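Residue strings, one per chain:
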Amino acid sequence: MATDFYEALGVPHTADKKEIQQAYRTLARQFHPDINHDPAAEDRFKEISEAYAVLTDDTMRAKYDQFGPNFRQVPDDYAKRSRARRSAASPGGASSGATRIRFSDDPGTSGINMDDLFASFFGDGAGGASVPGADQRVQLELTLEEAYHGGRKHIRLPGDPPREYDVTIPRGVVDGQRIRLQGEGGHGFGEGERGDLYLVVKIAPHKKFRLDGRNIFTTVPVAPWEAALGATIVIETPGGEVKLKVPEGTSSGRRLRLRGEGLPKPRSGAGDLIAEVQVVVPRKLSRRERQLFEQLADVSDFNPRMTS
C-alpha cells in the first residue's frame, strides 16, 4: 500500500503551501538522520521529504491529487494531450469534464491498466513514452522473536496470481523499518523499469513482552521471600533465558534493568530489558507455611501503610 503524502506530513488535502512547509520543518527536525539515529528514522525522513517535494510543486501536486500513488507513470503533458483528444471527439469541441481516477498499487486488485490508459489518452501511437513503475508498499507483520533474531522468512502477497518471496529479515528490525525488494513494484510503461516493493515492518503485540524503541519491557513474578531476602532468578527473554538479580527489599513495581538484553542494533549493541517486579503470594498455604508467616507477623513491626 503506497503512502499517502498528505498523511505522511499530517496535513489535510486542503492544506496550503505554508501549512505543508510548517509540517515538513517540524517532522524534519524530529527524523533527520543527523539528529535521530534510529534506523527507521532515515526511511521516515525520506518519506516526508518526498511528500514535501511533491506537494509544494503545483504541477506534481495536481497530478498526484488526480492519479494517486501512480501519478509518476503519467506523462507531464497528459492533461494537454487528453484535452485535445476530448475536444476532437466532442461536438463543437466541448469538454465533457474531468474524471478523477485512482489506481490500484496491487497487481492482484482490480485497477486500471496503464497501457489501456495511455492508449485512451494518446491513441495507440503513444510516441514510445517510457515511464518507470511506481514503488509499492505492503505491511510485513513479524513476531517479536522474528524481529529479534532475523533470518529468512517466506511471504505470500495476495493477487492473481499471488506473489511469493523468500525475504531476509535483518536482525533487530523495528516498527516502521522498510525492507526493499528491488524491481518487484509496479510495472513501468513502455520500456520503463519496474518500481521497487517495500515491506514495512510491523511487530505484532506479544503476550509477555512490550517494545518501546529497542527496549523490551516484561513483568517478573517473585515470591515474598525472594523479594524480602534478595535472590538470583532465571527469566525468559526473546533471546533466551538470562539471570536476574533481585535486590534485598524489593517491592512490587520496582524496575530492574538488564543492559544489552533488548532488541539488537544493526551494527553492535542492543537496547535494554526492563523487568518490572510483581510480588506474588501463595494462593493456598500449607500448615507449616502458615505457621512461619504467623511467626513473622508476631515478630515484625513493619507496616507497609506507614510512610517514612
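Here the structure is shown first, and the text comes after it.
Criteria and cut-off values
Per-chain numbering applies: the sequence of each chain, read as written, is numbered from 1 onward. Reporting in this predicted model follows two pLDDT cut-offs: at least 70 for local features of residues, and 80 or more for side-chain atom pairs to be given and counted; totals over whole chains, interfaces and linings ignore these cut-offs and use all residues. To get the side-chain values, all heavy atoms of the structure are used, and hydrogens and water are removed first. Helix and strand definitions here come from DSSP, where helices need a minimum of 4 consecutive H or I residues and strands a minimum of 2 consecutive E residues; each element is numbered from the N-terminal end. Partly exposed residues are those whose accessible area sits between 20% and 50% of the maximum for their type, while under 20% is buried and over 50% is exposed, using a 1.4 Å probe and protein chains only. Between any two strands, at least two bridges found by DSSP are needed for them to pair. Each axis is a line fitted through C-alpha atoms, taken for helices only over the stretch in contact, and angles between the N-to-C directions span 0 to 180 degrees. Here the term cavity refers to a set of points on a 1 Å grid, laid over the protein atoms alone, in which a 1.4 Å probe fits but cannot get out; the term pocket refers to an open set having protein on both sides within 12 Å along at least five of seven lines, with lining residues being those that place an atom within 4 Å of a point. Grid points are joined across faces, edges and corners, and a volume is the space filled by probe spheres set on the points. One speaks of a salt bridge when a side-chain nitrogen belonging to Lys or Arg is within 4 Å of a carboxyl oxygen belonging to Asp or Glu. Each patch groups residues whose relative accessible area exceeds 30% and which form no salt bridge, using 9 Å between like charges and 5 Å between nonpolar side chains of Val, Leu, Ile, Met, Phe, Trp and Tyr. Where accessible areas are quoted, they stem from the Shrake-Rupley method and a 1.4 Å probe; at the residue level, only the protein chains shown are allowed to cover. Side-chain rings of Phe, Tyr and Trp, where Trp is taken by its six-membered ring, are said to pair if the distance between their centres is within 6.5 Å; with planes under 30 degrees apart they count as stacked, over 60 as edge-to-face, and otherwise as tilted. Throughout this description, the term charge over a ring refers to an Arg CZ or Lys NZ atom that lies within 6 Å of the ring centre and within 35 degrees of the ring normal. By definition in this entry, angles of less than 35 degrees are roughly parallel, angles greater than 145 are roughly antiparallel, angles of 65 to 115 are roughly perpendicular, and the rest are oblique. Left-handed describes a crossing whose near helix is turned anticlockwise from the far helix by less than a right angle; the clockwise case is right-handed. Throughout, a residue-residue contact means that at least one pair of heavy atoms, one from each residue, lies within 4.5 Å. Pairs of N or O atoms are called polar contacts if they sit within 3.5 Å, as long as, within protein, a hydrogen donor faces a hydrogen acceptor (for residues adjacent in sequence, only side-chain-to-side-chain pairs).

On to the overall build of the protein. Looking only at helices and strands, one finds 9 helices and 11 strands in the protein. Burial analysis of the protein (308 residues in total) assigns 36% to the buried set.

Turning next to the sheet that holds strand β10 (residues 255-258). Spatially, the 4 strands line up as an open sheet ordered β6-β7-β11-β10, and their pairing is mixed. The strands lining the two open edges of the sheet, one partner per strand, are β6 (209-212) and β10. Across the sheet, the mean angle separating the axes of adjacent strands is 30° when strand polarity is ignored. Sheet topology note: the β10/strand β11 (residues 273-279) ladder contains 4 bridges and is antiparallel.

Now for the pairing of strand β5 (residues 197-203). Along β5, 5 of the 7 residues are buried, which leaves the element largely enclosed by surrounding structure. In terms of strand pairing, strand β1 (residues 136-142) meets β5 through 7 bridges, oriented parallel. Across the sheet, E141 pairs through a bridge with K202, a residue of β5.

When its volume is computed, the largest pocket comes out at roughly 650 Å³. Considering the residues around the largest pocket, the lining is formed by 19 residues, among which P224, A228, F293, L296 and F302 are closest to the centre. It is helix α8 (residues 224-229) that contributes the most residues to the lining of the largest pocket, 5 residues altogether.

So, on to the sheet that holds strand β4 (residues 178-181). Across the sheet, which stays open at both edges, the 3 strands sit in the order β1-β5-β4 with mixed pairing between neighbours. The outermost strands of the open sheet, each flanked by one partner alone, are β1 and β4. Direction aside, the axes of adjacent strands within the sheet are offset by 30° on average. Direction of pairing for β4 relative to β5: antiparallel, over a ladder of 4 bridges. Residue pairing for β5: I179 is matched across the bridge by L199.

Right, let's talk about the pattern of salt bridges for a bit. Per the counting criterion, the structure on display carries 12 salt bridges. Note that E236 is salt-bridged to K208, the shortest N-O span being 2.8 Å. Taken together, the residues span a long stretch of sequence, with E236 in strand β8 (residues 231-237) and K208 in the loop between β5 and β6 at a distance of 28 residues. Connected through salt bridges with shared partners, the residues R44, E47 and R137 form a single ionic network.

We now examine a nonpolar patch on the surface. Taken together, W225, L229, F293, L296 and V299 make up a surface patch of nonpolar side chains, about 540 Å² in accessible area. Listing elements by their share of the nonpolar patch, those giving two or more residues are α8 and α9 (287-299). With 3 residues, α9 is the largest single contributor of residues to the nonpolar patch. The residue L296 is located in helix α9 in this model.

What follows deals with the packing of aromatic side chains. Note on aromatic pairs: each is described by the distance of the centres and the angle between the planes. Applying the stated criterion across every chain, the model contains 3 aromatic pairs. Among the aromatic residues, ring-to-ring pairing joins F5, Y6 and Y64 into one connected group. The side chain of R44 reaches across the aromatic face of F31, ending 5.2 Å from its centre. Of note, R178 hangs over the ring of Y198, and the distance from its end group to the ring centre comes to 4.4 Å.

Quick look at the pairing of β11 now. Here 7 bridges tie strand β7 (residues 215-222) to β11, and the two strands are oriented parallel to one another. Counterpart to V222 in the pairing with β11 is V279.

Attention now moves to the packing of helix α2 (residues 17-31) against helix α3 (residues 39-55). Orientation of α2 relative to α3, taken along the N-to-C sense of each, is 165°, at an axis distance of 10 Å. For the element pair α2 / α3, the angle class is roughly antiparallel. With respect to the hand of their crossing, α2 and α3 are arranged in left-handed fashion. Residues I20, Q21, Y24, L27, A28 and F31 of α2 pack against A41, R44, F45, I48, S49, Y52 and L55 of α3.

Within the secondary structure, E47 sits in helix α3. There is a polar contact of 2.5 Å between the side chain of E47 and the side chain of R137.

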